[in-house]
Amino acid sequence: MSYQPHPERLKKSWEFQRTYKKGKKYWDAYFVIYVYKTQLRHTRLGITVSKKVGNSVQRNRVKRLIREAFRSLKSNLLPHRDIVVVGRPAACDISGQQAQESFQRLFRRASIFEISNTNK
């Protein structure tokens, strides 16, 4: 059985770099997101959490929060996007609910949250 890369994740350095350089940037106290429109059918997620955020336990918790918030919101996102999320140090101290609310605000600001589902 051969390894199949996850189709909804950014893995390659050039994919991250393209999103940083050509994408639009949105931020709040916890996260910075870069959104780049692609030709792909689905939306892909890339995660970056630097050592400035904290030790490995804290960085991995922030990455789990990001993945979980994205998983719960991705059905409401417009397709054809690459999204890179950069965790900030303040994200170490938030709950999963706060992370999800932060992403909802950022996705609305980026106009990639489907209009019909924003009345939550």
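Note that this is a predicted model, so its numbers are computed, not measured.

Draft legend 1. Up close: the pattern of salt bridges. Evaluated as defined, the whole model comprises six salt bridges. Where aspartate 28 meets arginine 105, a salt bridge forms, and the shortest distance between an N and an O atom there is 3.9 Å. Taken together, the residues aspartate 28 in the loop between strand 1 (24-27) and strand 2 (31-37) and arginine 105 in helix 3 (residues 96-109) connect sequence positions 77 residues apart. On the basis of relative accessible area, arginine 105 is assigned to the partly exposed category, the value being 42%. For the salt bridge of arginine 71 with glutamate 68, the shortest nitrogen-to-oxygen distance reads 2.6 Å. Within this pair, arginine 71 and its partner glutamate 68 are both found in helix 2 (residues 56-73), separated by three residues, close to a single helical turn. Judged by its relative accessible area of 41%, glutamate 68 is partly exposed.

Draft legend 2. Local environment of the environment of tyrosine 26. By the element assignment, tyrosine 26 lies in strand 1. Distance in space between the C-alpha atoms of tyrosine 26 and arginine 109 is 7.5 Å, their sequence separation being 83 residues. Leave out the neighbours within four places in its chain, and tyrosine 26 touches Phe31, Val32, Ile33, Val35, Leu106, Arg109 and Ala110.

Draft legend 3. Structural context of the packing of helix 2 against helix 3. Two numbers describe how helix 2 lies on helix 3: the axes approach to 9 Å, and their chain directions differ by 60 degrees. Comparing their axes, helix 3 and helix 2 come out oblique. Seen along the crossing, helix 2 lies across helix 3 with a hand that is right-handed. In contact with Leu65, Ile66, Ala69, Phe70, Ser72 and Leu73 of helix 2, helix 3 contributes Gly96, Ala99, Gln100, Phe103, Gln104 and Phe107. For the contact of helix 2 with helix 3, the residue count by class is eight nonpolar, four polar and no charged.

Criteria and cut-off values
- Residues numbered from 1 in each chain as written.
- Predicted model: local features only at pLDDT ≥ 70, side-chain atom pairs only at ≥ 80, totals over all residues.
- Heavy atoms only, no water.
- Salt bridge = Lys/Arg side-chain N within 4 Å of Asp/Glu carboxyl O.
- Helix = DSSP H or I, 4+ residues; strand = E, 2+ residues; numbered from the N terminus.
- Buried < 20%, exposed > 50% of the residue type's maximum accessible area, 1.4 Å probe, protein only.
- Contact = heavy atoms within 4.5 Å.
- Axes fitted to C-alpha atoms, helices over the stretch in contact; angles between N-to-C directions.
- Parallel < 35°, antiparallel > 145°, perpendicular 65-115°, else oblique.
- Left-handed = near helix turned anticlockwise from the far one by under 90°.
- Nonpolar A, V, L, I, M, F, W, Y, C, P; charged D, E, K, R; others polar.

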